[in-house]
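# Understanding the architecture of this molecule
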Amino acid sequence: MLIGLVLFSDKNWAATQSEQSYKSPLPLTAEVNNYLRQDKLKPVKKHGIVITGSSSVRFWQPAIHNAFTQVDIIARGFGGSNMNDLLYFSEALIIQYQPRAVAIYEGDNDIAQGISPELILKKFIALNNKLQYSLPDIRVYFISIKPSIARQSMWPKMVETNQLIQGKCNALQHCTYIDVASKLLKDGLPKQDIFIDDGLHLNKKGYQLWSEAIVGVIEANEADKNK
C-alpha cells in the first residue's frame, strides 16, 4: 500500500506529544498518496526543483509548468496544508525526488489555525534540518506568506512570521527568502482584483504577479545548475 511510503517519515521530525498546537497531518494522506500513484504511472526525473506547500501552490497547477521555462519543476502542492504537515510528509513530497532545490509555501493556513509565528518558525527550522540531513546540498526557497482579503485581519501575524523566517534564511547560506507580498499589496492592503470570489486564492492576474515574484529568483539561481 502507498501509505507505507508516506509514513516513512521519522516521528522525531514531526509534532511531539508535548506540542499539540498542530492537528494531525493524517487527513492529508489521501492527497499525498495520489501523487505517489502518479509517480508510479509516470516516474519523475530526479534532481529537479520541488515546489510544494498549501493550496496556493496546488492551484498554480498546471500553469506552473508554463511559468518555469529554464528549470525542471516537480509541483507538489497539497491543499489545506501547514508547515507541520509538510514536515511530516517531506519524505514523500520532497526527499524521495532527490531535488537540488525546493520552494516552500506554508504559514498561511498555520496562522489561520491559530499557530504562533514562533512555532511556525520552529517547524520551518525542523523541516530545513531534516532536508539538510537527507540532502546536504539542497537549496531551500521560502515563498513569503501572501496577503489576502479573506485573512486581512491576520496579516500582522503573517508579517511577523515572514520576518522571522526571512531572518533565518538570511543566516543560512543555502536558504533564500522570496518576497511575494509586496507585489500583491497596494497602499498596505491586498489588491482587490487579484483574488477569486473567496478572497483568499489568487485569480489569473494574481498568479501572474505571484509568478513574477517567484520564477525570476529561482531561475536566476538554478538555471545554470541543471543536471
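Right above here is the structure, for reference.
Thresholds, definitions, all that
- Residues numbered from 1 in each chain as written.
- Predicted model: local features only at pLDDT ≥ 70, side-chain atom pairs only at ≥ 80, totals over all residues.
- Heavy atoms only, no water.
- Helix = DSSP H or I, 4+ residues; strand = E, 2+ residues; numbered from the N terminus.
- Buried < 20%, exposed > 50% of the residue type's maximum accessible area, 1.4 Å probe, protein only.
- Areas by Shrake-Rupley, 256 points an atom, 1.4 Å probe, with all protein chains shown as cover.
- Lys, Arg positive; Asp, Glu negative; His and termini not counted.
- Charge placed at Lys NZ, Arg CZ, Asp CG, Glu CD.
- 1 Å grid on protein atoms, 1.4 Å probe; cavity = no way out; pocket = protein on both sides within 12 Å on 5 of 7 lines; lining within 4 Å.
- Points joined across faces, edges and corners; volume = space filled by probe spheres on them.
- Contact = heavy atoms within 4.5 Å.
- Expected span 1.5 Å × (residues − 1).
- Bend = angle between axes of the 7 residues up to and from the residue.
- Polar contact = N/O pair within 3.5 Å; in protein donor to acceptor, adjacent residues only side chain to side chain.

Further remarks concern the overall build of the protein. When you go through the protein residue by residue, the secondary structure sums to eleven helices and seven strands. For the protein, the spread of C-alpha atoms along the principal axes amounts to about 50 × 45 × 35 Å. Across the 227 residues of the protein, 53% fall into the buried class. When the accessible surface of the protein is summed, it comes to about 10,700 Å², and 53% of that surface belongs to carbon and sulfur atoms. Within the protein, the 22 negative side-chain charges are centred at a point lying 4 Å from the centre of the 25 positive side-chain charges.

What follows deals with the layout of surface pockets. The space that makes up the largest pocket amounts to roughly 380 Å³. As for the largest pocket, its lining consists of 19 residues, of which V44, H65, I73, I74 and R76 are closest to the centre. Of all elements in the fold, only α2 (29–41), α4 (64–67) and β2 (73–77) reach the threshold of two or more residues within the lining of the largest pocket. Sort the elements by how many residues they give to the lining of the largest pocket and β2 lands first, with four residues.

So, on to the environment of I214. Mapped onto the fold, I214 is located in helix α11 (residues 204–222). For I214 and F68, which are 146 residues apart along the polypeptide, the C-alpha to C-alpha distance reads 9.7 Å. Those residues in contact with I214 that sit more than four places away from it in its chain are W60, F68, I143, I178 and V180.

The amide bond that connects Q61 to the next residue, P62, takes the cis arrangement and shows omega of 0 degrees. Here P62 shows up in the loop between α3 (55–58) and α4. One non-glycine residue, H47, lies in positive phi territory at about 70 degrees. Topologically, H47 is positioned in the loop between α2 and β1 (49–53).

A rise of 1.5 Å per residue sets the reference length of helix α8 (residues 117–134), with its 18 residues, at 26 Å; its end C-alpha atoms lie 26 Å apart and thus fit the reference within 8%. Restricting attention to buried positions, one finds in α8 the residues P117, L119, I120, L121, K123, F124, A126, L127, N128, K130 and L131.

So, about α11. Look at α11: 25 Å from first C-alpha to last across 19 residues, which is about the 27 Å you get at 1.5 Å a residue. Of all the bends in α11, the greatest, near 30 degrees, is centred on S211. Buried within α11 we find G206, Y207, L209, W210, S211, A213, I214, V215, I218, E219 and E222. At the N-terminal end of α11, a side-chain oxygen is found 3.1 Å from the backbone nitrogen of K205, two or three residues along, and the residue is N203.

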